[in-house]
Amino acid sequence: MKKSINKIKTFFSKPYNILLIVLMVTLTYLVILPLFSIVGDTFVVHASEKSRVGQPVGSFTLYHWLRAFASDYSKILIWEPLWHSLYTSALSCLVAIVIGGGFAWLVTRTDLRWKKVLTKLFIFPYIMPSWTLALAWRNFFKNAVIGGAPGIFTALTGITIPDWFAYGPFPIIVTTGLHYSPFAYILIGGVLRNMDANLEEAAIILRTNKLRMFTKITIPMVMPAVMSTIILVFSSGMSSFAVPQFLGLPVRYYVLTTEMYSTIQGTNPGVGYIIAILMMVISVGIMLANQYMIGTRKSYATVTGKSANISLFHLKKLRTVVSLLVVLVVLCMSVIPMISFVLQSLILTDGNYHLSNMTLDFWIGISKGGNDYQDKAGILRNADVWKTLFNSLKLSFTCAIGAGTVGFLAGYSIVRRRGSSLSRFVENLTFIPYLIPSMAFSAIYLSMFSQQRGIIPSLYGTFALLALIGTVKYLPMASRSGVNSMLQLSPEIEEAGVIMGIPWWKRMTRIIVPIQKSTIVSGYLLPFVSCMRELSLFVILVTANNRVLTTLLFFYDEKGWAQYGNAINLLIIFIVLLVNFVVEKLTGASIEKGVGGN
Amino acid sequence: MPTIRLVNITKQFSKGSKAVDHLNLTIEDGHFVSLLGPSGCGKTTTLRMIAGLETPTDGEIYFDDTCVFSNEKGINVSPDKRNVGFLFQNYALWPHMTVRRNIAFGLENMKWDKKKIENRVAEICKAMRIEEYVDRYPAELSGGQQQRVAIARTLAPNPRVLLMDEPLSNLDAKLRNDMRAELKRLHKDTGATFIYVTHDQLEAMTLSTRICLMKLGVLQQYSSPLELYGKPANLFTADFVGNPSINLIPMTAEARGDGVKLSSADLKLTFRPNEAVTLPESGKVVLGIRPEFLKQQAENAVDAQVESSLPSGMETILVTRVGAQRLTSVIFGDVDFVAGENLKMGFSGNKYQLFDADTGMRLTSGSLEV
């Protein structure tokens, strides 16, 4: 008896044990329990479904499952969106790898011109919100389908854009693929750049010709990076909401996320929850497949070495032509979209890009009191916009503080107790939010917190709910970097303090935190930036009272107020770039590296 | 088997100083030549230029009478046509291929037929004692095994010349010893020319038939290991080779009949040169005494005091002091000394070296008298 009391006392005398227990309890409540809640929600009748199901609200029903999988509607509700999601995501991977991988090869292995500028610009879309290219695409190529005037391209050339080019799978694939091609570039380019030059030199000495070298040595070496790119782009494509919303909806091209949004906002949340579960299953499946492949690919140990000067492949006559072509692609991905936003936010009447049609009204105009959208105040004078901006910053700040702090403490305690099952359990708990697509995650929280749970009142429509989901969703980012950096810090450094009797609090603030400063800073800033440009996580959960900038953009866009939408978009991009700049200056590390690392 | 000739080879990287400066070197057929020197001396660059992986800035390289590189004549034979093997420091095994595929890869490039490749792989694997691992991936092998695979891959096409870039530096001490013996055996068995880069003087001494010692891109001495040790060309060579290192004592020299009177603040000695010698005008010389030639003996000796004693069983490294002059010696056998103890340390034999203090060049060898 005395022994076991002593054991417990020893256990709780270690601060990291207390941390782990607290984390275990809270995260179980915030991550595991909601999973049960959403499953349960697929078996009950919701208020908006009462008349259709013909049962009282809250009673048990199989209606949703039957409707989703065994009715005339299952094709429209599930199978078609599922196929669309898989199809567009898979082809987006292809686009990302061809463009990003090709660019990586050109930059690392050939004598391409203007490499420095090109790489900087190529990374650009990755910092942007995911819908940047989709919006720009629509600015350029929109046609009569969604009403209003045609886009910039038609205005300039007079050529009418066919539907398949303007909307639906084709533009979704191209814009998603291009948006994630910087990721392919970072991963594949990293391997190409760090790959041990000796591996290729060894092949040269053994008389390998160029083609055989490329197919047998170079390609296999970058395969792991290609696989990582596929996993990332595919799961990002699967969970992307804004792009298919902007480009798919006009031609009724639904994917899982947009279908889920419309069912949850509409009259059948039960089916929406089922779609959320389906998305989760797919996402977990992808991760498991990835782990399995990494596990069996013992042949792919990461190999880096001192790389000597690799002789560059000379493009010779094609050098200038290829370089110009790359410049064109890069401009289309980075600069031209920005120009389109500026233009679109300035024109008075749609479709007329003449200078006389330009106005700054949508930025700084004064409200004329009318009801028409052209009479509203410009976004920089609009109290609503300022309120939203403030709300966005407040939310990002809260989530950053929450995720950053918890993530760091989680990293600390996980590493200190590494090897124990408690530590492993908590580590997995912190990672689960990463596996769940944003929109599915918000559906889960909607189901969990839209009603009173124990002592916690209904949180729907509150700022607290947004802050909570943001914190939990971005926790993996911060805890990953926390774990990785703590692993590199030997426990002796803290133990030296323990021996001298320095209390835990002081050890943290005086020893650990100062050493880990830069990781901690990025642990705060990464969630901040991600939160600033997040749409799909919040779009179901916001109400008119607590809009954030991204959902305001979405709201304006749904209303068809293109000028305000483009102006808000520029505002978001401006803030994101600003924060990114600050991050780079403060930590010396760029955000794309941090995001790429988890 | 060819003789490799480097004529006035210079390598200058885009910025900074010369990595190799006007190097002239003839590596004769069948020799085991070590390129030795501290890091940054240009030894790896030299090796890579012989292989063709690096292009010299100036000079010519010949394999027998065939010119493989000449800046003037505009010749640069690519590495795959030089018929050399190259063993990399980090082995450079292709991680996505099994041992068998790694070894067969080069043979396939040479369009050998399947049966022949199979036989050669089996043969070389047996010779390198890696038969059990042929179907494993490099990541599943220990460092020593990876090393053997790398050697097998390099030797499989029967290269005329085997170039090795610090191949043993990633192995632990025991394995390194085993592999040294193995390399020496391979050299004998294949009869190929081995060129070996190392910064470890012991490795160079024990393995090679000739050593090329370099410093900052400039050749210091090119001779057999024992000559390098016994007749170092200059102070750098004398100091670099030998462990514990040679005692170098700055002294003033004065000719006295057939001897040379050497004096410093603490030592007054007479040096008897083995051959006629011209002393520098300034009279400033450096006396070099290898630790094994400073002996504990009663005759022809000076009074010394023990400063430290490091016995290791077979021998004891003894540091003594004569006045303020510190001297290192090696005493054979299991002996130990107490710090502060007074000893007689003496000289015998004629392998003491005299260097010109200003130029650093060796003047002569000779014997010492107190």
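The following paragraphs examine the structure supplied in this document. (Residues numbered from 1 in each chain as written. Chains lettered and ligands numbered in written order. Predicted model: local features only at pLDDT ≥ 70, side-chain atom pairs only at ≥ 80, totals over all residues. Heavy atoms only, no water.)

### Digging into the overall build of chain B
Then step 1. Summing up its helical and strand segments, chain B has eight helices and 22 strands in all.
Then step 2. Dimensions along the principal axes, computed over C-alpha positions, put chain B at roughly 75 × 50 × 35 Å.
Then step 3. Counting all 370 residues of chain B, 53% fall into the buried class.
Then step 4. For chain B, the share of sequence-separated contacts (at least 6 apart) that also reach a separation of at least 24 residues comes to 64%. (Helix = DSSP H or I, 4+ residues; strand = E, 2+ residues; numbered from the N terminus. Buried < 20%, exposed > 50% of the residue type's maximum accessible area, 1.4 Å probe, protein only. Contact = heavy atoms within 4.5 Å.)

### Re the sheet that holds strand 10 (residues 210-215) of chain B
Hydrogen bonds between backbone groups are what pair the strands of a sheet, and the pairing can be parallel or antiparallel.
Residues and elements named next belong to chain B.
Then step 1. Across the sheet, which stays open at both edges, the six strands sit in the order 7-8-9-3-10-11 with mixed pairing between neighbours. In the strand order of this sheet, the two ends are held by strand 7 (84-87) and strand 11 (218-223), each with one partner. Averaged over all pairs of adjacent strands, the angle between their axes in this sheet comes to 15 degrees, without regard to strand direction.
Then step 2. Pairing of strand 7 with strand 8 (residues 161-165), which is carried by four bridges, proceeds in the parallel orientation. Paired with V84 across the strands is V161, a residue of strand 8. (Pairing = 2+ DSSP bridges. Axes fitted to C-alpha atoms, helices over the stretch in contact; angles between N-to-C directions.)

### Description of the interface of chain B and chain A
Then step 1. Each partner contributes to the interface: chain B provides 29 residues, whereas chain A provides 24 residues.
Then step 2. Roughly 2,400 Å² is buried in total at the junction of chain B and chain A, and carbon and sulfur atoms are behind 62% of that figure.
Then step 3. Area buried by chain B at its contact with chain A is led by B:W94, B:P95 and B:H96, which between them contribute 22% of it.
Then step 4. Linking chain B with chain A are two salt bridges, by the criterion used here.
Then step 5. Between A:E201 and B:R48 there is a salt bridge whose closest N-O contact spans 2.7 Å.
Then step 6. Connecting chain B to chain A are 11 residue pairs in polar contact (both at pLDDT 80 or more).
Then step 7. Counting residues per element, the ones that place at least two in the side of chain B that touches chain A are helix 1 (43-51), strand 7 and helix 2 (99-109) of chain B.
Then step 8. At four residues, helix 2 of chain B tops the list of elements feeding residues into the side of chain B that touches chain A.
Then step 9. Of the residues belonging to the side of chain B that touches chain A, the class tally is 16 nonpolar, seven polar and six charged. (Buried area = accessible area lost by both parts, 1.4 Å probe. Salt bridge = Lys/Arg side-chain N within 4 Å of Asp/Glu carboxyl O. Polar contact = N/O pair within 3.5 Å; in protein donor to acceptor, adjacent residues only side chain to side chain. Nonpolar A, V, L, I, M, F, W, Y, C, P; charged D, E, K, R; others polar.)

### So, the sheet that holds strand 17 (residues 301-311) of chain B
Residues and elements named next belong to chain B.
Then step 1. Across the sheet, which stays open at both edges, the five strands sit in the order 16-20-17-18-19 with antiparallel pairing between neighbours. For this open sheet the edge positions go to strand 16 (294-296) and strand 19 (325-332), each flanked by a neighbour on one side alone. Taking each pair of neighbouring strands and ignoring which way they run, the sheet shows an average axis angle of 45 degrees.
Then step 2. Strand direction decides the pairing type here: strand 16 and strand 20 (residues 342-347), joined by three bridges, are antiparallel. From the neighbouring strand, K295 faces strand 20, where its bridge partner is G346.

### Regarding the packing of aromatic side chains
Residues and elements named next belong to chain A.
Then step 1. Taken as a whole and assessed by the stated rule, the structure comprises 40 aromatic pairs over all chains.
Then step 2. Between F555 and Y556, the aromatic rings sit 6.0 Å apart at their centres with planes inclined by 40 degrees, giving tilted as the arrangement.
Then step 3. Relative accessible area serves as the criterion here: at 26%, F555 is assigned to the partly exposed category.
Then step 4. Note on Y556: relative accessible area 3%, which makes it buried. (Phe/Tyr/Trp six-rings, centres within 6.5 Å; stacked < 30°, edge-to-face > 60°.)

### Regarding the packing of helix 4 (residues 143-155) of chain B against helix 5 (residues 173-190) of chain B
Each pair of packed helices gets described by two things: the angle between the helix axes and the distance between those axes.
Residues and elements named next belong to chain B.
Then step 1. Closest axis-to-axis distance for the helix 4/helix 5 pair is 11 Å, and the angle between their directions is 15 degrees. Considering their axes alone, helix 4 and helix 5 lie roughly parallel with respect to each other. Between helix 4 and helix 5 lies a crossing whose hand is right-handed. Side by side, helix 4 and helix 5 meet where G144, Q147, R148, I151 and L155 of the first sit next to L175, M179, E182, L183 and L186 of the second.
Then step 2. Across the contact of helix 4 with helix 5, the residue classes tally to six nonpolar, two polar and two charged. (Parallel < 35°, antiparallel > 145°, perpendicular 65-115°, else oblique. Left-handed = near helix turned anticlockwise from the far one by under 90°.)

### Some details on the side chain of B:R180
Then step 1. Along the chain, B:R180 falls in helix 5.
Then step 2. Here B:R180 is in contact with B:L168, B:D200, B:L202, B:E203, B:T206 and B:L207, once residues within four sequence places are set aside.

### What to know about the side chain of A:R109
Then step 1. Considering the arrangement of structural elements, one finds A:R109 in helix 5 (residues 74-109).
Then step 2. A polar side-chain atom of A:R109 sits 2.8 Å from the main-chain carbonyl oxygen of A:L192.

### What to know about the nonpolar core
Then step 1. A:Y445, A:F538 and A:I568 are the most contacted members of the largest nonpolar core, which has 124 residues in total.
Then step 2. Those residues within four positions of A:Y445 in sequence are excluded, and the remaining contacts are A:L30, A:P34, A:S450, A:L465, A:L468, A:I469 and A:V472.
Then step 3. Counting 42 residues, the second largest nonpolar core, distinct from the first, contains A:L199, A:L206, B:A19 and B:M49. (Core = buried A, V, L, I, M, F, W, Y, C linked by side-chain atoms within 4.5 Å.)

### Examining the pairing of strand 1 (residues 4-12) of chain B
Residues and elements named next belong to chain B.
Then step 1. One ladder, built from six bridges, connects strand 1 with strand 2 (residues 18-27); its direction is antiparallel. Its bridge partner being in strand 2, L6 is matched across the sheet by L25.
Then step 2. One ladder, built from five bridges, connects strand 1 with strand 4 (residues 58-63); its direction is antiparallel. What sits directly across from R5, in strand 4, is Y62.

### What about unusual backbone geometry?
All names here are of chain B.
Then step 1. Along the chain, N243 connects to P244 via a cis peptide bond; the corresponding omega equals 0 degrees.
Then step 2. Within the secondary structure, P244 sits in the loop between helix 8 (235-240) and strand 12 (247-256).
Then step 3. Positioned with a positive phi, K111 is a non-glycine residue whose angle comes to about 60 degrees.
Then step 4. The exposure class of K111 is exposed, given its relative accessible area of 70%.

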